[in-house]
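Summary of structural features
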Amino acid sequence: MARIFSGIQPTGIATLGNYLGALRNWVALQEGDDECIYCLVDLHAITTFQEPAALREQTRQMAALLLACGIDPERSILFHQSAVSAHARLAWIFNCVARMGWLKRMTQFKDKAGKHQEEVSTGLFTYPNLMAADIHAYHATRVPVGDDQLQHIELANDIAEKFNHDFGVAFFPRIEPLVLKESARVMSLRDGTKKMSKSDPSDMSRINMTDTADVIAQKIRKAKTDPEPLPEHVHDLDARPEARNLVGIYAAITGHKVSEVLHRFAGSNFGPFKEQLAEALIAHVEPIGHRTREYLKDPTALDRVLQDGARKAEAVAEPIVAEAERLVGFLPR
């Protein structure tokens, strides 16, 4: 049995892109034989400033959403990162193992910091070391990731290899990225060349997993398209990013192939297609939003779920990180 680890930042409202690209897969992974550990990475969240009250509220909201999507705390470990000190302790060790040159090559830092690299927090720069610690604290060997996270997995393996070499041990195992077959790369409803993001200033650019039926229908009606009818062949979508995005979303949410969707709607204008897409999204997303709101009515119960999960997570991580500390030369705690 392998151990799977994955995390999501509890900032903003999870979008359809988060759901199709990650959360739906997390639920499916529970059905296998592997042990699943799912984490609300609030330590990662504060690499950019978060209003404290909002961070607490959004952490509960993300927990509620994960439960509403089907994460089962009886079959998986669900907790918030800051509740398990092993993450931060191992991250500091990894800060001292990783090399500056390794971190400078991280493309996500360059993308997020842009021209303001001297002004962003040092946490944003060392973020990949904490991500490595998140995984290695559990000796997890499988991590579901998208293509944009593969570089971080490579770094986590480099850190583990250097730690093992420096201290003459075979302690941290190699991580295998679990690149799940993503049904759709979900892009912005306002710009089909940009990824759908919960941080986009325009709420009309995304489907939030808590959106009501009316809001979903409105966003799909106003989603950007082009003047041409839907094509017959998949390759005809290559130069039509908005069409490709909407067709991909329909395929993902209904479980069909893109070619099957085009076979059904070829020659159709976007009006009728958008109506069908909105109906499919409402049928799938609205019940999740409803269950999320029900969970949020009892924040004490949500806190209890996360605290129970943190105790389970700590039982796994503590002996691993304590041994890493011993290997480094720290006295017992």
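Throughout what follows, the structure given in this document is the object of discussion.

Parameters and conventions
- Residues numbered from 1 in each chain as written.
- Predicted model: local features only at pLDDT ≥ 70, side-chain atom pairs only at ≥ 80, totals over all residues.
- Heavy atoms only, no water.
- Salt bridge = Lys/Arg side-chain N within 4 Å of Asp/Glu carboxyl O.
- Helix = DSSP H or I, 4+ residues; strand = E, 2+ residues; numbered from the N terminus.
- Buried < 20%, exposed > 50% of the residue type's maximum accessible area, 1.4 Å probe, protein only.
- Expected span 1.5 Å × (residues − 1).
- Bend = angle between axes of the 7 residues up to and from the residue.
- Polar contact = N/O pair within 3.5 Å; in protein donor to acceptor, adjacent residues only side chain to side chain.
- Disulfide = S-S within 2.5 Å.
- Contact = heavy atoms within 4.5 Å.

Let's talk about the pattern of salt bridges
- Per the counting criterion, the structure on display carries 16 salt bridges.
- Arg75 serves as the salt-bridge partner of Glu31, at 3.0 Å between the closest nitrogen and oxygen. Placement of the pair is Glu31 in the loop between helix H1 (16–29) and strand E2 (35–40) and Arg75 in the loop between helix H3 (52–69) and strand E3 (76–80), with a sequence separation of 44 residues.
- Arg89 is paired through a salt bridge with Glu325; the nearest N and O atoms lie 2.9 Å apart. Residue Arg89 is located in helix H4 (residues 86–97), and its partner Glu325 is located in helix H13 (residues 299–328); the two are separated by 236 residues in the primary sequence.
- Judged by relative accessible area, which is 10%, Glu325 ranks as buried.
- Shared partners join several salt bridges into a network, and the residues in it are Arg89, Glu318, Glu325 and Arg333.

Let's talk about unusual backbone geometry
- Backbone geometry places His139, a non-glycine residue, at a positive phi of 50°.
- Along the chain, His139 turns up in the loop between helix H7 (122–136) and strand E4 (142–144).

A short note on H1
- For H1, with 14 residues, the first-to-last C-alpha span of 19 Å sits near the 20 Å given by 1.5 Å per residue.
- The sharpest bend along H1 comes to roughly 35°, located at Ala22.
- Residues Leu16, Gly17, Tyr19, Leu20, Leu23, Asn25, Trp26, Val27 and Leu29 constitute the buried set of H1.
- If you check the start of H1, you find a side-chain oxygen 3.1 Å away from the backbone N of Gly17, and it comes from Thr15.

Remarks on the state of the cysteines
- As enumerated under the stated definition, the model contains zero disulfides in all.
- No disulfide involves Cys36; its sulfur sits 14 Å from the nearest other cysteine sulfur, which is in Cys39.

Section: the side chain of Asn245
- Relative to the helices and strands, Asn245 is located in helix H10 (residues 241–254).
- Not counting residues within four places of it along the chain, the set of residues in contact with Asn245 comprises Arg185, Val186, Met187, Ser188 and Leu189.

A closer look at the environment of Asp33
- Mapping Asp33 onto the fold places it in the loop between H1 and E2.
- Using a relative accessible area of 69% as the deciding quantity, one classes Asp33 as exposed.
- Between the C-alpha atoms of Asp33 and Ala2, which are 31 residues apart in sequence, the distance is 7.9 Å.

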